[in-house]
Amino acid sequence: MEVAVYLGKGVSRAVENVQSMLEPVVIGHDALDQRDVDERLIAADGTPNKEVAGANAILGVSMAVARAAATHQGIPLFHYLSEGGASMLPIPMMNILNGGSHADNNVDIQEFMVFPVGADTFSEALRMGTETFHHLKAVLKELSLNTAVGDEGGFAPDLRSNEEAIDVVLEAVDRAGYSAGSEIFLALDVAASELYDSDRDVYCLKSENRELNSADMIGLYGELVEKYPIVSIEDGLSEDDWEGWEQLQGAIGDRVQIVGDDLTVTNLARLQQAIDRSAMNAILIKLNQIGTVTETIDTITLAKENGMGAIVSHRSGETEDTTIADVSVATGVGQIKTGSASRTDRVCKYNQLLRIEEMLGSRAQFPGMEVLGHKAGG
Ligand code: PGA
Ligand code: ZN
């Protein structure tokens, strides 16, 4: 049996593509003209999904050029990308309990996040989330549950139901001394495409031994937001269930942030479709989904122009690169999703945000609820 090097997940082909395909089109051009550089990279690849050079190879060059330009000007990356003036830190959406395909437990919902909206500063919000994470460890230990962490640094215990996951997180918030529903709120990423069985048109909640159709799922979210201080639900339905998304947005989109991730994949055309269909009120922004700095900023701009919220996000598989921290401040979106307070690949983004907060000094601002999709735009 032939075994691929690094199981086929190495970067040698990406490096080769950078050297042979991308380097020749940018060398000699103005690094301060990011749009021109990114357009050159897109043209060199020539496919809508960047499948020839690969989005990660293209993004690597795009981000390197932005960094080089900022360094040349002697200013921090967030400052360079915002063309000056950026001063708003994001509220961290901290994934302290992992399920779904990001963990080896039985919990169906992929991410249970704490969202410290009640903090006055970014550093205070980070401390509140971190304390809650450590209290959650104690809560799980007392219940004799596993406290090993999942892909995004949150705990990944086996539980009897998805609601039990919410209950243990709320217990941790309480023990940390915070009030759920005024200081700390909850956010979920259901990643429902992973639960969807297209042959039978049902969502399988294995931990609860239940199968729900799209309307049942919408009903379930209605109940959850009544019962718990949940302010944001990402990928509540599968990425092809556009009618379901319209109904979900119609049912609870005035009360909760309805976030598209797999639905919109940081793609301008998919976002435009979601806007035209009123299918959501916020978008998750992943740089390597779209593949250049310019297109990332264009997608955020389109969301903002349409009164939507935007959350800059890491990936479940991450590196120590901290560009997303700078992008979150540069674009002033007010929300970042970058995992729990553990694993260096998550913590490094928080450390960069602390540095940015320090650099901004008294100019640093921290937002409130108004940045959420259902509140944004007025
Ligand atoms: P991914 O997950 O990076 O594996 O796509 C993150 C998310 O769903 O938000
Ligand atoms: Zn997601």
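Below: a short report on this structure. (Residues numbered from 1 in each chain as written. Chains lettered and ligands numbered in written order. Predicted model: local features only at pLDDT ≥ 70, side-chain atom pairs only at ≥ 80, totals over all residues. Heavy atoms only, no water.)

### Things to note about the packing of helix 2 (residues 34-45) against helix 11 (residues 293-305)
- Contact geometry of helix 2 with helix 11 gives a least axis separation of 8 Å together with a crossing angle of 110°. When the axis of helix 2 is compared with that of helix 11, the two are roughly perpendicular. Mapping the contact onto sequence places Q34, R35, D38 and I42 in helix 2 and V293, T294, E295 and D298 in helix 11.
- Looking at the contact of helix 2 with helix 11 residue by residue, the classes come out as two nonpolar, two polar and four charged. (Axes fitted to C-alpha atoms, helices over the stretch in contact; angles between N-to-C directions. Helix = DSSP H or I, 4+ residues; strand = E, 2+ residues; numbered from the N terminus. Parallel < 35°, antiparallel > 145°, perpendicular 65-115°, else oblique. Contact = heavy atoms within 4.5 Å. Nonpolar A, V, L, I, M, F, W, Y, C, P; charged D, E, K, R; others polar.)

### Structural notes on the coordination of the zinc ion (ligand 2)
- Bound to the zinc ion (ligand 2) are the protein donor atoms D189 (OD), E234 (OE) and D261 (OD), situated 2.0 to 2.2 Å from the metal.
- Donor residues binding the zinc ion (ligand 2) come from one chain and are separated in sequence as D-x44-E-x26-D. On the criterion of sequence distance, the pair formed by D189 in strand 3 (residues 185-189) and E234 in strand 7 (residues 230-234) is long-range, its members being 45 residues apart. (Donors = N, O, S within 2.8 Å, 3.2 Å for Na, K, Ca; no water.)

### Topic: the packing of aromatic side chains
- Within the structure shown, the criterion is met by two aromatic pairs.
- Taken together, a centroid distance of 4.6 Å and an interplanar angle of 5° make the contact between F133 and F155 stacked. With a gap of 22 residues between them, F133 in helix 5 (residues 122-142) and F155 in the loop between helix 5 and helix 6 (162-175) connect regions that are remote in the sequence. Exposure class is identical for F133 and F155. Each is buried. (Phe/Tyr/Trp six-rings, centres within 6.5 Å; stacked < 30°, edge-to-face > 60°. Buried < 20%, exposed > 50% of the residue type's maximum accessible area, 1.4 Å probe, protein only.)

### Points about helix 5
- In a regular helix each residue adds 1.5 Å, so 21 residues correspond to 30 Å; helix 5 covers 31 Å between its end C-alpha atoms and thus fits that length.
- Looking at the buried residues of helix 5, the elements they touch are strand 1 (91-98), strand 2 (111-115), helix 6 and helix 13 (344-360).
- In the stretch just after helix 5, S144 is the one whose phi turns positive, near 55°. (Expected span 1.5 Å × (residues − 1).)

### Some thoughts on the sheet that holds strand 1
- Spatially, 1-2-3-7-8-9-10-11 is the arrangement adopted by the eight strands of the closed barrel, whose pairing is mixed. Across this sheet, the average inter-strand angle for adjacent strands is 30°, counted without regard to direction.
- By the bridge criterion, two bridges tie strand 8 (residues 257-260) to strand 9 (residues 282-285) in an arrangement that is parallel. Paired with V259 across the bridge in strand 9 is A282.
- The strands touched by helix 6 are strand 1, strand 2, strand 3 and strand 7; relative to strand 2, the strand with the most contacts, the crossing angle is about 25°. (Pairing = 2+ DSSP bridges.)

### Re the site of ligand 1
- Close to ligand 1 lie H102, Q110, E111, E152, D189, E234, D261, L284, K286, R315, S316 and K337, which account for all nearby residues.
- At 3.1 Å from an oxygen atom of ligand 1 is found a side-chain nitrogen or oxygen belonging to D261.
- Here an oxygen atom of ligand 1 and a side-chain polar atom of R315 are 2.8 Å apart.
- Taken by itself ligand 1 offers 280 Å² of open surface, and the protein chains cover 86% of this. (Near = heavy atom within 4 Å. Polar contact = N/O pair within 3.5 Å; in protein donor to acceptor, adjacent residues only side chain to side chain. Areas by Shrake-Rupley, 256 points an atom, 1.4 Å probe, with all protein chains shown as cover.)

### Things to note about the side chain of S340
- With respect to the helices and strands, the residue S340 is situated in the loop between strand 11 (335-337) and helix 13.
- Ignoring anything within four residues of it in the chain, the contact list for S340 reads M94, N95, I96, F133, E152, G153, G154, R346 and Y350.

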